[in-house]
6 protein chains.
Amino acid sequence: MCDPHDLSRWEQEALCRGWVRRLARDLGPERDVVAPDIMTHASHMTWMLDEFEVMHGGRRPGAITGKPVPAGGTRGRREAAGYGLVYTLREALKEISLAPDRAVASVQGFGLVGRHAVELFTRIGGKVRSVSCLEQRSLEPTTFVRPEGIDLEELKDLADPFGNIDSERAAAAGYDVKDGNAWLAEPVDILIPAALENQINVGNCEQVARSVKLVVEGANGPTSEAAESALGERGVRVIPDLVANAGGVLCSYFEQVQAASNAYWRLAEVMSRLDVQLTDAYLEVSELAAGKDLSLRDAALVVGIDRVVSVTTDRGWV
Amino acid sequence: MCDPHDLSRWEQEALCRGWVRRLARDLGPERDVVAPDIMTHASHMTWMLDEFEVMHGGRRPGAITGKPVPAGGTRGRREAAGYGLVYTLREALKEISLAPDRAVASVQGFGLVGRHAVELFTRIGGKVRSVSCLEQRSLEPTTFVRPEGIDLEELKDLADPFGNIDSERAAAAGYDVKDGNAWLAEPVDILIPAALENQINVGNCEQVARSVKLVVEGANGPTSEAAESALGERGVRVIPDLVANAGGVLCSYFEQVQAASNAYWRLAEVMSRLDVQLTDAYLEVSELAAGKDLSLRDAALVVGIDRVVSVTTDRGWV
Amino acid sequence: MCDPHDLSRWEQEALCRGWVRRLARDLGPERDVVAPDIMTHASHMTWMLDEFEVMHGGRRPGAITGKPVPAGGTRGRREAAGYGLVYTLREALKEISLAPDRAVASVQGFGLVGRHAVELFTRIGGKVRSVSCLEQRSLEPTTFVRPEGIDLEELKDLADPFGNIDSERAAAAGYDVKDGNAWLAEPVDILIPAALENQINVGNCEQVARSVKLVVEGANGPTSEAAESALGERGVRVIPDLVANAGGVLCSYFEQVQAASNAYWRLAEVMSRLDVQLTDAYLEVSELAAGKDLSLRDAALVVGIDRVVSVTTDRGWV
Amino acid sequence: MCDPHDLSRWEQEALCRGWVRRLARDLGPERDVVAPDIMTHASHMTWMLDEFEVMHGGRRPGAITGKPVPAGGTRGRREAAGYGLVYTLREALKEISLAPDRAVASVQGFGLVGRHAVELFTRIGGKVRSVSCLEQRSLEPTTFVRPEGIDLEELKDLADPFGNIDSERAAAAGYDVKDGNAWLAEPVDILIPAALENQINVGNCEQVARSVKLVVEGANGPTSEAAESALGERGVRVIPDLVANAGGVLCSYFEQVQAASNAYWRLAEVMSRLDVQLTDAYLEVSELAAGKDLSLRDAALVVGIDRVVSVTTDRGWV
Amino acid sequence: MCDPHDLSRWEQEALCRGWVRRLARDLGPERDVVAPDIMTHASHMTWMLDEFEVMHGGRRPGAITGKPVPAGGTRGRREAAGYGLVYTLREALKEISLAPDRAVASVQGFGLVGRHAVELFTRIGGKVRSVSCLEQRSLEPTTFVRPEGIDLEELKDLADPFGNIDSERAAAAGYDVKDGNAWLAEPVDILIPAALENQINVGNCEQVARSVKLVVEGANGPTSEAAESALGERGVRVIPDLVANAGGVLCSYFEQVQAASNAYWRLAEVMSRLDVQLTDAYLEVSELAAGKDLSLRDAALVVGIDRVVSVTTDRGWV
Amino acid sequence: MCDPHDLSRWEQEALCRGWVRRLARDLGPERDVVAPDIMTHASHMTWMLDEFEVMHGGRRPGAITGKPVPAGGTRGRREAAGYGLVYTLREALKEISLAPDRAVASVQGFGLVGRHAVELFTRIGGKVRSVSCLEQRSLEPTTFVRPEGIDLEELKDLADPFGNIDSERAAAAGYDVKDGNAWLAEPVDILIPAALENQINVGNCEQVARSVKLVVEGANGPTSEAAESALGERGVRVIPDLVANAGGVLCSYFEQVQAASNAYWRLAEVMSRLDVQLTDAYLEVSELAAGKDLSLRDAALVVGIDRVVSVTTDRGWV
C-alpha cells in the first residue's frame, strides 16, 4: 500500500501507531504476536509496542517482537538467521558423513545472513571458497574466490557499509574475481544462496558443480522448483528455507518467551536454544524425508500440515 | 454420575464442554487448573481447553492440563509415574545403604506405572525378580518369576495390549508361573505394588518376605493401614503413594509451567525436573520422619499440613 | 508518617491492607511490583499480597515481593546482599590481579549483609582480618581484630541475637579489641562498610590504611562524596552501593520471575543467577569507567541514564 | 449463624465487608443484586457497597440495594410495603364493586406496613375501624376500635416509638379497648394482617366476621393454609403476601434501575411506578384465578412458574 | 449460505450458537447489537442471547434484540411496523391538509404490517376502501373492495392463518372481488403497498388513480425508481420505506434501551415513543425535502449521510 | 500551562488526545466523567471521546460530556445556564410574593447566559428594563435602558456576533445609552449579573437601587463577599452562582444519563428536568436558609457539606 522510503519518520510512526490502534483487541500473547518483516525495523516495533501499552494500560512487551534489546528485545537477532542456517547444515553434514573440517562451501550474499553463516561455518572447521556479492563500484554481481578459503574479517574490510566488495582491493589481496554466477560452479560441497530469490534456476542449475552435495537456503525461495527437482535427481539435498533460515522467526518466538517470564537471556543462551530447536526440527524433517522418500521441503510441509490436522482434530473442529 | 463407557463420543464431548461452560469463571492459572483423573483421557482435556479458549477469547493452554503434546501438553506424562517412583526409591536405597545394583524388587502390575518403574529401576542397576499381573487367557492374577531378573522387553512381547501375560509362553521363556499373591513372598528387598488399592493387607502381610526392606506404592492406597503398621514394626519402610506416585500430578504442574512461559521442554528436561522435585520432596519427608520418629506417610502429611498452616497464618486468616 | 514500632500487629495489618486497597489498580506485574524496604518484613508483604489477591479475585503472587518462601517468596533473600557483594568484589580482584586467597578484608557491620559477605569471601579463599560492630554490653562501636583471620562461626557464638559481640569473650578467644573506627585503619586490601551510611567521610578517610585498594559498599551510602573523591586520588576504587548491594532488589526481581512462570528455584539457582547478573552489571560498569576514565559510581549512573534515554527515545517520547 | 444483636458495630461492619469479599465476583447487576432482609438495615448495605466498590475499583451503586438515599438508595422504601398493599386492595375492591369510601377495614399491626396501609387506605376514602397491636404497658396484644373510624395521627400520638399504644389514653380518646384477637371479629369488609405470620389460623378463623370479603396479607404468611381454605369456602378472597407486600422488593428493583441510568426519582415517581407494577401484577393474577378457578395464591404461583418455564424453554435449557 | 427450512431445530440452534461463539468479542451494546431479519425468529435470538451470556458470564440482554417478551424482549414488535407507517402517514396528511376522517386508502398485503396499518388508520378515522392479497384457494393475487370501507375484523375472519382471503365468502359478505392489480387503480387518496418489492413499477404506475396523493411504503422497496419518478411528476409524494417501515428496527433499539436501564415498558409507552421518534424523523425529512426541493427519499438519504459526515468530521477522522 | 489560542487545530487535537491517553484508566462513568470548562469547546470533547473509545475498544459516550448533539451530546446546552437562572428566580419571586408580570430586571451581559435569561424571563411575564454590555465600536461597558422593557430580538439585531451593541443604532431605536455601571442603579426588582466576576463590589454596591430585592448570579462570582454582606443587611437576597448558574454542569450530568440508557431527550424534556432539578435544589437551600437564618450561599454550602458528611459516615470512612 505504501513504501516506507516515501514516508517521513513521523508518517512512519503514525502509520505504526494507527495500525496498532485498529487491531489492538486482536493482538497480544493470547491472540496474535506481531513480528517484523522486510522493511520493518526495530523502531517500528518499538512504536507499535508503545502504542499497544498505552491502550492496554500496562507493560506487555510480549505482544510485539523485533524490538531493540533495551526495549525488551532479544539478544541474537542479528546472528540468528546465519547461525541457524549452519546448525541445520551441521546436522546434514553428519548425515552424509562429511566432517565439517573437510567441507567446502560457496556463499551467495554478504549481508547479515551470509556473514554470520560464514562466521559460524568457519568456526566449526569449514572452509568457504567463494563469496558472491555486488562489486563496490560497478554494483555488478561478482564472485570472489580464494581456493584456500576466504578470510571473513579481511573481506569485511574490503566491503563498504552496504556489503559491496571492492574488486581491485580484493584482487590485490589475492582473491580471484569472477562473474556473479561463478559462485555456483565452484568445486565445493555446499552452496549457500543467501541473497535473493530464484538464484538457482533452470537457466543455471546445470552449472552447479558436480561436487555439490547440499544446498542450504539462506534466502527466501532462492531455488526454483524446477531447479530443486533437477538437483534432486543428481542427489543434491536442498535444505529448504522454512527450516534453514527460520532463525529470525524463532527469535521472535524467543522474545515472546522472555517477555512471558520477564527473564532475559544472554546471547549464548539464545544461540543454544536456537541450536536445539533447529536441530530437532531438521532431524524430524530429515527422518520423515528418509522414511517416506520425500524431498526435505515436502517433508517439512508434511510435518507442518500434520500438526494442524492433529490439533484441529483433537479439538473437535473437524 | 455417569459412566463414560455408556456415552457416545459426542455425548462425552458435550459433557466436557458443558462442564467448562458452567465453571469457566473459576478456572484458569490464577484460580483452578484442571487435571485429568481416572477415566479422563487426553481428548477430554482438549475439548475442555477448546471450550475454555472460545469463552475466554484467546489462547490459554495453562488452564487445562493432560492435553496431548501437539495441543500444548507436556512430554513425559506416560513415563512420569513409573520413573518418579524409582527416583524416590533410589533415594531410599541410599538411606539404607543398599546399592541399586545389589537391590532386588518384586512388582505388582504391568501397566504404564509398572513397566516404567521396571525400566528405570533396571537402568540404574536394579534387578526385578518377579512381576505379578493378569494371565492373558484366564484373566487370573498370576506371578511371573525369574530369579536372575526379568527381561522387560521380553515380557512386553509376551503380553497383550492390555498388559496381560501369556503364561504358557512365559513358562517356555523360563519364567516360573505362580499364583497372584506370590509376588509379595518373593525373597526381595523391595515391593512395588503398582496395580490396585488394598493389595497388601492384614490378610496377606504376614506372607511378605523377611528380606523386604522397602515398599514403594505405585498404586493409590495399595497398603492397608493395618498392614503398613505391621510392616513398620518389622522395620519395613513404606514410601507412601502421595510421594511415590506423584509423577502424574507433577506433570500437570509442569504442563502449566510450560504454558505460562510458552516454552516447551524436551523429555529429558521433564524427567530431570521430576527427579529434582521428587528427590527434594522425599528427602524433606524422610528427614522429618527420622527426626520425629514418624512413618513416611505421617511425615508427608505433617509436611503438607504445615504448609497450609504456615500460609494461612502468614496471610492472617487464622 | 508512622513508625511500625508504635503500631500493634493489627494496626500494621490494617495499614498494609489499606495501602493495597487504595493502590490496587496500579499494582501488578504489568504496572508496579511492590518490594520491601527498611522496616518492612515478610509478614507485611504477605498481608499485602492477600489483600491484592482478594481484590483481584485470583492468585497473583508476582505483584508483591519479599514474601516468605511458603507464600511464594524466593529462596536466598537472606544471603543475597552479602553474597552479591562478594561476587562484585571477586571481579574487581581479578581486575587488579589480586588472588582471593591473598586478599585481606576489614568489615564494618555484623548483621545479615556483613556475615554473608564474610562467609562467601572466606569460602572463595579470602581472609577477614577485622570486624567492627557494637559491643554487647556497652553498645559502643568496637573493632575485633585477628591478624590470622577471624572465624565466622566463632564470632557468631560470641554475639547476641542482635549481632553485638561480647568483648570479654572475644578477647579471651584471642581477638584484639579496638575502638569502633579502627576497622578502617587495619592493613588490609579491602574495606567492606556494611553497617550505616556516611561511615567513611572526610573526618576519617585519612586513617584508611595505605594498603587498601578496594572499598565495597555493603551499606547504603557508607562513603561520603568527599571521602570517595579523596580515596580515588589515592587510587582506591569504590564499588558503589547501587552495584555492590543490589542483591536484595534482584531477589525481588527473581521472585517476580518465579511467580510469572510458577516455577520456583532452589537456593543454588538463585545464587547462580545472582552471580551472573551482578557480574555482568559490574563488568559493564567497570569497562565504561575504564574507557571514559570515570569513577565506578559515575559509570553506573551513566549506564542507568543511558538506558532511560535509549528507551524513551526509541518509544518516541522525546 | 449469628445474631446481629450480639455483635458490636465493628463486628457487624467486618461481617458485611467479609461477606462481600468472598462473593464479589458473583455480585453485580449482571449476576446477583443484593437486597436487605429482616435484621439488615441501611448501614449494612452501605458497608457492603463500599467494600464492593473498593474491590471493583469504581462506582457501582446498582450492585447493592437498600442503601440510604444519600448513598444512592431509592426514595419511598419506608412507604412501599404499606402503600403497595393498598394498591392491590384498591383493584380488588373494584372487582367486587365496593367503592373505597364505603369500605371498612380492620388492621393487625401498627408498624411501618400497618401505618402506611392505614394512611393510604384512608386517603382513598376508606375507613379503618380497628387496629390491633401491643399495649404499651402490658405488652399484650390489644385491639383498639372506633366504629366511626380511627384517626391515624391521633393513634400515632398514643403510641411509643415501638408502635405500642397506651390503652388508658386510647380509652380516654374514645377507643374501645378489646383483646388482641378481637380485630378479626369486627364487622368489616377487609382484614389486613400486617404483623406476624400465622395470625389467621384454624383456631380463630371461625371468628372472622361474616361481613369480611377480603384479606390482604401485609405480613409474611399471616394466613395458614387451612384457614385460607376455610375462608375461601365462605367466599373470602385472600390477596397473598407475594403480591400484596411486594412493595419492599420492588423498591430494591427500582433502586437498581435508578443506579443503571444514574437518574434518581422523586417520591411521587417511585409510588407511581409501584402502583403500575403492582396493579399489573394483581390483574394478571386475578384474571388467571378467575379464568382457571384458582385461589389468588395459586394463580400467583402459576404465573411465576410459567415465566420460569417459558424462559428455560426459550433458551433451550430443557 | 443455508436455508433454515432445510435445518432441524437442533441444527438451527447450533448455527445460532456457533455464530455467536465466533463473534462474541465484537458483540454487545458497546460494539454491535444484533437484530433479527427475515427468516430469523424469536427463538433464534434467544439462543443467541443464551450463548452470549454463557460466554460473558452474566446477564446482558441488550446485546441481542428480537427476543420474546419473557426473555427480555420489548412489547409492541408485532404492531410496530404497521402502526409506525400510520404515524408518518398522519403527519403527511396534515401537510396536505387532508383530515384523516376524509382520507381513503387502498392497501396491498394482509400480513402483520398491512393489518396493523389498517387497524390504526381506521382508528384515527380513515377509511380503507380495498385490500389486495392472495386468494385462499387459487393463491392468486386478488383485490377485495368495499367502497364504504372494509371491516378489519370481518376480513380477518374470512382469511386463513396465512392471511389469504376466501373470495366466495368475501363476495357473500359484500366485497367486490377484483384482480390483484386493481388495488392501485381504486379512487383513493393513499396507496399502502405492504407486501413485496417492486409492486408499483413502470408497467403499472399509469394505472394509479389520479386521486392518489400519497404512497406509503410498508414493504421494502415496493416502488421502483422509475415509478417513483413518474408519480412524483404527477405530484404524488412517496413516503419511503426507510422512514415509513422503520418501526421494526426501532423496536430493536427500544429493546436495547430497556435492557440498558433494566426497566421494561408497557405497550402504550412503546407506541408513544415510536410515534415521537417517527414523527420527528418524518418532519426532519419532510422539511428538508421542502426546503431543498427533494423527494422524501432523497431527503432521507441526505439526512443520514449528513449525520455520518458530521460525526466523522467531529471526531477528526476526515 | 498553555493557551489554546496559541495552538493550531492539530496541536489542540493532540493535546486533548494525549490528556485522555494518560488518564484513560481513571475516566468513565464509574470513575470520573469529563466535562468542558472555559475555553474548552465541543470539538475538544469529541476528540477526547474518540481517543477514549479507541483505547476502550467500544462505544462509551457517557465518559465525556459537552459533545455536539450528533456525537451523543445533549440538547439544551446553549439554553441551560440562562433558563436555569430563571427557574430559580421564579421560585424566589414566589417567596417574596412578587408576580413575574410585575417584576422588572436589569441584566449585565449579553452573551449566551444573559440572552437566554432575558428570553425566558420575558416569556414568564417579566420585564427587562436594561442590559449592560460592551459597546460595539468603543468596546466600553455601556448600559442600554428602555423603561418600558427591552425587546430581545431587536437588541440581537443591534449587536454584532460577539454580542456588542451598536450605541448609535440603539439610541435611534429608543434606548437610553448610559455608562457601564448604570445597570445596577436602575429602579428594578432584580439584578442579573451575567458577565464577569466581581461586578458588584464594595466600590459600587451603594449604587444598587433601593428597589432591588434579588440578585441572581448568572456569572461565576459576580458579587464580592463584602458586597453580598452589605446587600444582605439591606434585605437583598443573593441567589448564589452555585445554584443559579448550575444549568451547564447539570447538562453534563444529563448527557451522561442519556448515554447510560442510550435514549436521547428532546429539548423540552431536558428543560423540564432542569426545571425540576433546580427548583428542588433552590427550595432545599432556601428552606434551610430560612430555618437557620443563613444567607442562601451559606445554606447551599451547608447542604453540600452535609451530603459529603452523610456519605462518608455511612460508608464507615470516618
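From a predicted model like this one, the values you see are computed outputs, not experimental measurements.

### Here we look at the overall build of chain A
Next, step 1: Scanning chain A for helices and strands turns up eleven helices and seven strands.
Next, step 2: Taken against the 2.2 N^0.38 rule, which gives 20 Å for 318 residues, the C-alpha radius of gyration of chain A at 21 Å falls within 12% of a compact globule.
Next, step 3: Taken along its principal axes, the extent of the C-alpha atoms in chain A is 60 × 50 × 35 Å.
Next, step 4: Accessible surface computed for chain A: about 14,300 Å², of which carbon and sulfur atoms make up 54%.
Next, step 5: For chain A, the centre of its 34 positive side-chain charges and the centre of its 47 negative side-chain charges are spaced 5 Å apart.

### What to know about the pattern of salt bridges
Next, step 1: In total, this model carries 197 salt bridges over all chains according to the counting rule given.
Next, step 2: For the salt bridge of Glu-217 of chain B with Arg-297 of chain B, the shortest nitrogen-to-oxygen distance reads 2.7 Å. Note that Glu-217 of chain B is positioned in the loop between strand 6 (214–216) and helix 7 (225–233) and Arg-297 of chain B in helix 11 (residues 296–314), a separation of 80 residues in sequence. An identical accessibility class is assigned to Glu-217 of chain B and Arg-297 of chain B; each is buried.
Next, step 3: For Arg-25 of chain F, the salt bridge is made with Asp-26 of chain C, and the minimal N-O distance between the two is 2.6 Å. You can see Arg-25 of chain F sitting in the loop between helix 1 (9–23) and helix 2 (42–56) and its partner Asp-26 of chain C sitting in the loop between helix 1 (9–23) and helix 2 (42–56), one on each of two chains.
Next, step 4: With a relative accessible area of 27%, Arg-25 of chain F lands in the partly exposed category.

### Digging into the sheet that holds strand 5 (residues 190–193) of chain A
By definition, the strands of a sheet pair up through backbone hydrogen bonds, in either a parallel or an antiparallel sense.
Residues and elements named next belong to chain A.
Next, step 1: Strand order in this open sheet of seven strands is 4-3-2-1-5-6-7, and the pairing throughout is mixed. Strands at the two margins of the open sheet, each flanked by one partner only, are strand 4 (176–179) and strand 7 (237–239). Pairs of neighbouring strands in the sheet enclose a mean axial angle of 20°, with direction left out of account.
Next, step 2: As paired strands, strand 1 (residues 104–108) and strand 2 (residues 127–134) are joined by five bridges and run parallel to one another. Bridge assignment links Gln-108 to a residue of strand 2, and that residue is Ser-132.
Next, step 3: In the packing of helix 3 (residues 77–95) onto the sheet, contacts are made with strand 5, strand 6 (214–216) and strand 7, and the angle to strand 6 comes to roughly 165°.
Next, step 4: Packing against the sheet, helix 4 (residues 112–123) makes contact with strand 1, strand 2 and strand 5, and its axis sits at approximately 170° to strand 2.

### A closer look at the packing of helix 3 of chain A against helix 9 (residues 247–261) of chain A
Residue and element names in this part refer to chain A.
Next, step 1: For the pair helix 3 and helix 9, the least separation of the axes is 7 Å and the interaxial angle reads 135°. Relative to helix 9, the element helix 3 lies oblique. Read as a crossing pair, helix 3 and helix 9 show a hand that is right-handed. Of the residues in helix 9, those in contact with Arg-77, Ala-80 and Ala-81 of helix 3 are Gly-247, Gly-248, Cys-251, Ser-252 and Glu-255.
Next, step 2: Tallied by class, the residues present in the contact of helix 3 with helix 9 amount to three nonpolar, three polar and two charged.

### Points about the nonpolar core
Next, step 1: By size, the foremost hydrophobic cluster in this structure holds 57 residues, and its most contacted members are Phe-121, Ile-165, Ile-190 and Ile-192 of chain E.
Next, step 2: When near neighbours in sequence (up to four residues on either side) are disregarded, Phe-121 of chain E contacts Val-86, Leu-89, Leu-93, Ala-103, Ala-105, Gly-126, Lys-127, Val-128 and Ile-190 of chain E.

### Some details on a nonpolar patch on the surface
All names here are of chain A.
Next, step 1: Residues Leu-242, Leu-301, Ile-305 and Val-309 make up a contiguous nonpolar surface patch of roughly 350 Å² in combined accessible area.
Next, step 2: The element that contributes the greatest number of residues to the nonpolar patch is helix 11 (residues 296–314), accounting for three residues.
Next, step 3: Relative to the elements of secondary structure, Leu-301 occurs in helix 11.
Next, step 4: Accessibility expressed as a relative area gives 42% for Leu-301, which makes it partly exposed.

### A short note on the interface of chain A and chain C
Frequently, the measure chosen for interface size is the accessible area removed from exposure when the parts meet.
Next, step 1: Opposite the 22 residues of chain A that make contact, chain C presents 15 residues.
Next, step 2: A buried area of about 1,400 Å², summed over both sides, lies between chain A and chain C, and 40% of it is on carbon and sulfur atoms.
Next, step 3: When the area that chain A buries against chain C is broken down by residue, the three leading residues are Arg-59, Asn-262 and Arg-266 of chain A, summing to 31%.
Next, step 4: Summed over the shared surface of chain A and chain C, the number is four salt bridges.
Next, step 5: Between Glu-53 of chain A and Arg-315 of chain C there is a salt bridge whose closest N-O contact spans 2.9 Å.
Next, step 6: Broken down by secondary-structure element, the contributors of at least two residues to the side of chain A that touches chain C are helix 1 (9–23), helix 2 (42–56) and helix 9 of chain A.
Next, step 7: Considering each element in turn, the side of chain A that touches chain C owes the most residues, six residues, to helix 2 of chain A.
Next, step 8: Looking at the side of chain A that touches chain C, its residues break down into eight nonpolar, six polar and eight charged.

### A word on the confidence of the model for chain A
Next, step 1: Mean pLDDT over chain A: 95, with 100% of residues reaching 70 or higher.
Next, step 2: Predicted complex, confidence summary: ipTM 0.90, pTM 0.91.

### Regarding the environment of Ile-239 of chain E
Next, step 1: Position of Ile-239 of chain E relative to the elements: it lies in strand 7 (residues 237–239).
Next, step 2: For Ile-239 of chain E, the contacting residues outside a window of four places in its chain are Thr-88, Leu-89, Ala-92, Val-215, Val-216, Glu-217, Ala-244, Tyr-282 and Leu-296 of chain E.

### As for helix 3 of chain A
Residue and element names in this part refer to chain A.
Next, step 1: Over its 19 residues, helix 3 extends 28 Å from the first C-alpha to the last, a length consistent with the 27 Å expected when each residue adds 1.5 Å.
Next, step 2: The largest bend along helix 3 measures about 30° and falls at Tyr-83.
Next, step 3: Burial analysis of helix 3 places 15 of its 19 residues in the buried class, the great majority of the element.
Next, step 4: Ser-97 lies just past helix 3 and shows a positive phi near 55°.

### A short note on the packing of aromatic side chains
Next, step 1: Applying the stated criterion across every chain, the model contains twelve aromatic pairs over all chains.
Next, step 2: Where Tyr-253 of chain B meets Phe-254 of chain B, the ring centres are 5.7 Å apart and the plane angle is 45°; that geometry is what we call tilted.
Next, step 3: What makes Tyr-253 of chain B partly exposed here is its relative accessible area of 23%.
Next, step 4: Taken together, the ring pairs connect Tyr-253, Phe-254 and Trp-265 of chain A into an aromatic cluster.
Next, step 5: Between Arg-9 of chain A and the ring centre of Trp-10 of chain A, over which it is positioned, the NZ or CZ distance is 4.2 Å.
Next, step 6: When the ring centre of Tyr-175 of chain A is taken as origin, the NZ or CZ atom of Arg-146 of chain A, which lies over that ring, is 4.2 Å away.

### What to know about the relation of the copies chain A and chain C
Next, step 1: The transform that puts chain A on chain C rotates by 120° and translates by 0.1 Å along the axis, for an RMSD of 0.1 Å. Taken together, the rotation and translation describe the operation of a three-fold axis. For chain A, the residue whose C-alpha comes nearest the rotation axis is Ser-261 of chain A, separated from it by 3.3 Å.
Next, step 2: Of all interface residues in chain A, a mere 5% are interface residues in chain C too; the two copies therefore contact each other through different surfaces.

### Thoughts on the environment of Glu-186 of chain C
Residue and element names in this part refer to chain C.
Next, step 1: Its place among the elements puts Glu-186 in the loop between strand 4 (176–179) and strand 5 (190–193).
Next, step 2: Expressed as a C-alpha distance, the spacing of Glu-186 and Trp-47, which sit 139 residues apart in the sequence, is 45 Å.
Next, step 3: Residues within four places of Glu-186 in sequence aside, it is in contact with Ser-106, Arg-129, Ser-130, Val-145, Lys-178, Ala-209 and Ser-211.
Next, step 4: Looking at Glu-186, its side chain comes within polar contact range of the side chain of Lys-178, at 2.8 Å.

### Re unusual backbone geometry
Residue and element names in this part refer to chain B.
Next, step 1: Phi angles above zero are rare outside glycine, and Leu-139 is one such case at about 55°.
Next, step 2: Locating Leu-139 in the fold gives a position in the loop between strand 2 (127–134) and strand 3 (141–145).
Next, step 3: Classification of Leu-139 as partly exposed rests on a relative accessible area of 48%.
Next, step 4: For Asn-262, which is not glycine, the phi torsion reads 60° and is therefore positive.

Rules used throughout
Residues numbered from 1 in each chain as written. Chains lettered and ligands numbered in written order. Predicted model: local features only at pLDDT ≥ 70, side-chain atom pairs only at ≥ 80, totals over all residues. Heavy atoms only, no water. Helix = DSSP H or I, 4+ residues; strand = E, 2+ residues; numbered from the N terminus. Rg over C-alpha atoms; globule rule 2.2 N^0.38 Å. Areas by Shrake-Rupley, 256 points an atom, 1.4 Å probe, with all protein chains shown as cover. Lys, Arg positive; Asp, Glu negative; His and termini not counted. Charge placed at Lys NZ, Arg CZ, Asp CG, Glu CD. Salt bridge = Lys/Arg side-chain N within 4 Å of Asp/Glu carboxyl O. Buried < 20%, exposed > 50% of the residue type's maximum accessible area, 1.4 Å probe, protein only. Pairing = 2+ DSSP bridges. Axes fitted to C-alpha atoms, helices over the stretch in contact; angles between N-to-C directions. Contact = heavy atoms within 4.5 Å. Parallel < 35°, antiparallel > 145°, perpendicular 65-115°, else oblique. Left-handed = near helix turned anticlockwise from the far one by under 90°. Nonpolar A, V, L, I, M, F, W, Y, C, P; charged D, E, K, R; others polar. Core = buried A, V, L, I, M, F, W, Y, C linked by side-chain atoms within 4.5 Å. Patch = residues over 30% accessible without salt bridge, like charges linked within 9 Å, V, L, I, M, F, W, Y side chains within 5 Å. Buried area = accessible area lost by both parts, 1.4 Å probe. pLDDT = per-residue confidence, 0-100. Expected span 1.5 Å × (residues − 1). Bend = angle between axes of the 7 residues up to and from the residue. Phe/Tyr/Trp six-rings, centres within 6.5 Å; stacked < 30°, edge-to-face > 60°. Lys NZ or Arg CZ within 6 Å of the ring centre and 35° of its normal. Least-squares fit on C-alpha atoms with pLDDT ≥ 70 in both. Polar contact = N/O pair within 3.5 Å; in protein donor to acceptor, adjacent residues only side chain to side chain.

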